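# Coordinate inspection notes
The lines below spell out each chain.
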Amino acid sequence: MDINTRYRLLKLLDEQPHWSQRELARAMGISLGKTNFCLQALIKVGLVKARNFRNAQNKSAYLYKLTPGGIEEKARVTRSFLQRKMEEYENIRREIKELQEAIKRSEEK
């Protein structure tokens, strides 16, 4: 699972632990199958716990909870995600500046 997917899924699980896999998939813009695969991977490594509500009308209702390790992982991937986005931002700023300078030079001719 790429860092972007991991970051977004951990963030959503922390904010919306009661959401279904379908709701998570929709919010992330990925398939239900990929969402299930990613959730199972996070559960397998102990970053997320899933609790089934047996008394609920919807027998497939789950509550997804980040474990202490999941909270640490969320912090780690958030830092990494932010660093990557800051690098992208700086690259775009540099590109914009170069384009503006190129336009200015072409207008001076």
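Residues numbered from 1 in each chain as written. Predicted model: local features only at pLDDT ≥ 70, side-chain atom pairs only at ≥ 80, totals over all residues. Heavy atoms only, no water.

### Concerning the packing of helix α2 (residues 21-28) against helix α3 (residues 32-44)
Direction vectors running N to C along α2 and α3 enclose 110°, while the axes themselves pass 9 Å from each other. The pairing of α2 with α3 is recorded here as roughly perpendicular in orientation. Residue-level inspection shows Q21, R22, L24 and A25 of α2 in contact with α3, the latter providing L32, T35, N36, L39 and Q40. Of the residues that constitute the contact of α2 with α3, the class distribution is 4 nonpolar, 4 polar and 1 charged. (Axes fitted to C-alpha atoms, helices over the stretch in contact; angles between N-to-C directions. Helix = DSSP H or I, 4+ residues; strand = E, 2+ residues; numbered from the N terminus. Parallel < 35°, antiparallel > 145°, perpendicular 65-115°, else oblique. Contact = heavy atoms within 4.5 Å. Nonpolar A, V, L, I, M, F, W, Y, C, P; charged D, E, K, R; others polar.)

### Quick word on the environment of V45
When you line up the elements, V45 lands in the loop between α3 and β1 (48-52). Its relative accessible area of 56% is what places V45 among the exposed residues. (Buried < 20%, exposed > 50% of the residue type's maximum accessible area, 1.4 Å probe, protein only.)

### Here we look at the packing of aromatic side chains
Counting across every chain of the model gives 2 aromatic pairs. Measuring from centroid to centroid gives 4.1 Å for Y7 and F81, while their planes differ by 15°, and the two rings are stacked. Of this pair, Y7 sits in helix α1 (residues 3-15) while F81 sits in helix α4 (residues 68-108); the two residues are 74 residues apart in sequence, bridging distant segments of the chain. Taking the relative accessible area as the measure of exposure, F81 reaches 15% and is therefore buried. Ring centres of Y62 and Y64 lie 6.0 Å apart, and the angle between their planes is 20°; on these two criteria the pair is classed as stacked. The exposure class of Y64 is buried, given its relative accessible area of 4%. (Phe/Tyr/Trp six-rings, centres within 6.5 Å; stacked < 30°, edge-to-face > 60°.)

### What to know about the side chain of R6
Here R6 lies in helix α1. Of note is the side chain of R6, whose polar atom sits 2.9 Å from the side chain of E73. The contact partners of R6, leaving out residues within four places of it in the chain, are M1, L42, L47, E73 and V77. (Polar contact = N/O pair within 3.5 Å; in protein donor to acceptor, adjacent residues only side chain to side chain.)

### Some details on α2
Among the residues of α2, Q21, L24, A25 and M28 are the ones counted as buried. All buried residues of α2 lie within an arc of 100° about the axis, which places them on one face of the element. Structural note: α2 exposes R22 and R26 on the side pointing more than 90 degrees away from its buried face. On the buried face of α2, the contacting elements are α1, α3 and β2 (62-66). Just downstream of α2, G29 is the residue with a positive phi angle, here 75°. (Arc of directions from axis to C-beta.)

Any link to function would need more than the numbers given here.
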